[in-house]
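# Analysis of the macromolecular model
Given next are the chains, with one letter for each unit.
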Amino acid sequence: MDYSQFLAMGQEIGLLIVFLLVFLYDTFMPRKALGGITAFTTVLFAVFTAAGFFCGECREVDAFSGMYVTSPVCAMIKNILNLGVLVVLIQSARWANSETQTVRRGEFYELLLVTLFGMYLMISARHFLLFIIGLESASLPLAAMVAFEKNKYESHEAAIKYMLTAVFSSAVFMMGLSFVYGLSGSLYFSEIAVGLVGGTSTMLAVAIAFVIAGIGFKLSLVPFHLWTADVYQGAPTPVTSYLSVISKGSAAFAFLVVLVQCFGQFYSSIWEWMLYALIIATITVGNLFAIRQKNMKRFLAFSSISQAGYIMLGIVGGTEMGLAALMFYILVYIFSNLAAFGVIGAIENKTGKLLMTDYNGLSKTNPWLACSMMLAMFSLAGIPPFAGFFSKFFIFTSALGSGSVALYILVLIALINTIISLYYYLLVVKAMYISPEEPQIATFRSHWTERLGLWICVAGIIALGIVSCFYNSILTTSDTTSLFAFMF
């Protein structure tokens, strides 16, 4: 075996070094120094994130007989996820250093880094064995993170639901893979595409449906979404924010890779209509149920379900522009959703309040938090000139690339749902700025790490909406990809 192949896994090796340094710090440093593990982890990961953006250009390289592939596109989506993780680390500092969590904060950071490593493997995998290793590495530690607040019944309940759903979805996914292997004789993405040449069959349609269903659980696509609201509500808020953006972003990119690399030639005959149905159901159900929610974490859970449907629109075009729109949407969604969760976390840490009615009159007592939440809601709703408007514009434009009537209808339904989402996002703004009721939350000063996280998110929401170079850079990188070689 040529061990020099491991050098192709530069980002994975860098992340493992960060993990080992955090683990060694947590294990061997004296008790008096353990209070610095939060700053140590955050600074170390910030350096790692910056290195991913500024340390040389990545070229397309495969390793381990093609099981692992790295490319500029893979490196870019990993860097985007790193940005989100860095914001989560900053926002979670106060929670991790609270009296109830200090004993376990080292484990929190270690579990988080392990899940991120699994997501890296999912993104770069070109063989289903490596893909499953990454999938389980990303899923199982998340169950422990969801149950992190061991003194709360809701956290235990959420962890059980997440674990059962993860096990069931993995079983469904592997059942689909067994059909794929039986039909193609291989688990390599490229060899599957070649082995399936020769026409469609009922078994192939069932296999693709099972694969889509298995990954659909991770993305919270309807009808595989039933775990999402309960898990988001019961998990600690930093874990919920991590689940809602980082886990979803990596799964969306991996979903695109699996579909176009393995089954791209069967797009129009099999999985195009499956994807249309999933997108329509996901956006519509997510929006309709979000209107009914009173708990802010459940509210954002159904919002994230709806957003997953919009992200999937980047796949249906089957083009480099669709890939760029998908990655840009994930980047914008990271800043927008983490801004909302940053406000929720700051208020929960101070007051323990999570109901939407608790936000009545928030602008009078905490104008900075209210402004941050308003900008997050405007971006998630797609109101110009904020970043969310342009992410939706690019995702709709990429979906219309083929010009088919079905796609025009699909985008029209998505646009109608955007109006519905505008209504429930503005409910939060109405509560904060227009509600005649007396403020429920007294004036308080949030922790400096919470303010720093919000500043980063607000800057991202504004900058991504007015500076075009971010999208242009992503589009330029996407134009170099070979992902769509087997499409159509």
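How each quantity is defined
- Residues numbered from 1 in each chain as written.
- Predicted model: local features only at pLDDT ≥ 70, side-chain atom pairs only at ≥ 80, totals over all residues.
- Heavy atoms only, no water.
- Salt bridge = Lys/Arg side-chain N within 4 Å of Asp/Glu carboxyl O.
- Helix = DSSP H or I, 4+ residues; strand = E, 2+ residues; numbered from the N terminus.
- Buried < 20%, exposed > 50% of the residue type's maximum accessible area, 1.4 Å probe, protein only.
- Expected span 1.5 Å × (residues − 1).
- Contact = heavy atoms within 4.5 Å.
- Axes fitted to C-alpha atoms, helices over the stretch in contact; angles between N-to-C directions.
- Parallel < 35°, antiparallel > 145°, perpendicular 65-115°, else oblique.
- Left-handed = near helix turned anticlockwise from the far one by under 90°.
- Phe/Tyr/Trp six-rings, centres within 6.5 Å; stacked < 30°, edge-to-face > 60°.
- Lys NZ or Arg CZ within 6 Å of the ring centre and 35° of its normal.

Here we come to the pattern of salt bridges. The final tally for this structure, using the stated rule, is five salt bridges. With a shortest N-O distance of 2.6 Å, Lys-78 and Glu-12 are connected by a salt bridge. On the criterion of sequence distance, the pair formed by Lys-78 in helix 3 (residues 72-91) and Glu-12 in helix 1 (residues 10-28) is long-range, its members being 66 residues apart. When its relative accessible area of 1% is taken as the criterion, Glu-12 is described as buried. A salt bridge links Arg-94 to Glu-450; its shortest N-O distance comes to 3.6 Å.

Each turn of an α-helix holds 3.6 residues, which means side chains three or four residues apart point in the same direction. Compared with the 26 Å implied by 1.5 Å per residue over 18 residues, the 25 Å span of helix 9 (residues 202-219) between its first and last C-alpha is a close match. When we look at burial in helix 9, the residues that qualify are Leu-204, Ala-207, Ile-208, Val-211, Ile-212, Ala-213, Gly-214, Ile-215, Gly-216, Phe-217, Lys-218 and Leu-219. Contact partners of the buried residues in helix 9: helix 6 (128-146), helix 7 (153-184), helix 11 (237-263), helix 12 (267-291) and helix 13 (296-316). Positive backbone phi, at 65 degrees, marks Ser-220, one or two positions downstream of helix 9.

As a further point, take the packing of helix 11 against helix 12. Contact pair helix 11 / helix 12: the axes reach a minimum separation of 11 Å and the direction vectors enclose 160 degrees. Looking at the two axes, helix 11 sits roughly antiparallel to helix 12. Handedness of the crossing formed by helix 11 with helix 12: right-handed. Within the contact between the two elements, helix 11 uses Phe-255, Leu-259, Val-260 and Phe-263 and helix 12 uses Tyr-267, Trp-271 and Leu-275.

This paragraph deals with unusual backbone geometry. For the peptide bond that leads from Val-222 to Pro-223, omega is 10 degrees, which places it in the cis range. The omega torsion of the bond from Pro-384 to Pro-385 falls at 5 degrees, within 30 degrees of zero and hence cis. The topology assignment puts Pro-385 in the loop between helix 16 (367-381) and helix 17 (387-399). One non-glycine residue with positive phi stands out, namely Phe-64, at about 55 degrees.

Another point: the packing of aromatic side chains. Under the criterion given, the structure shown has 29 aromatic pairs. Measuring from ring centre to ring centre gives 6.0 Å for Phe-128 and Phe-173, while their planes differ by 70 degrees; the resulting arrangement is edge-to-face. Within this pair, whereas Phe-128 is found in helix 6, its partner Phe-173 is found in helix 7, the two being separated by 45 residues in sequence. Ring geometry for Phe-128 against Phe-189: centres 4.7 Å apart, planes inclined by 55 degrees, an arrangement best described as tilted. Of this pair, Phe-128 sits in helix 6 while Phe-189 sits in helix 8 (residues 189-195); the two residues are 61 residues apart in sequence, bridging distant segments of the chain. Relative accessible area serves as the criterion here: at 0%, Phe-128 is assigned to the buried category. One aromatic cluster is present, formed by Trp-95, Phe-108, Tyr-109 and Phe-148 through successive ring pairs. Residue placement shows Arg-104 over the ring face of Phe-148; its charged tip is 5.7 Å from the ring centre. Over the face of the ring belonging to Tyr-310 we find Lys-392, whose NZ or CZ atom lies 4.8 Å from the ring centre.

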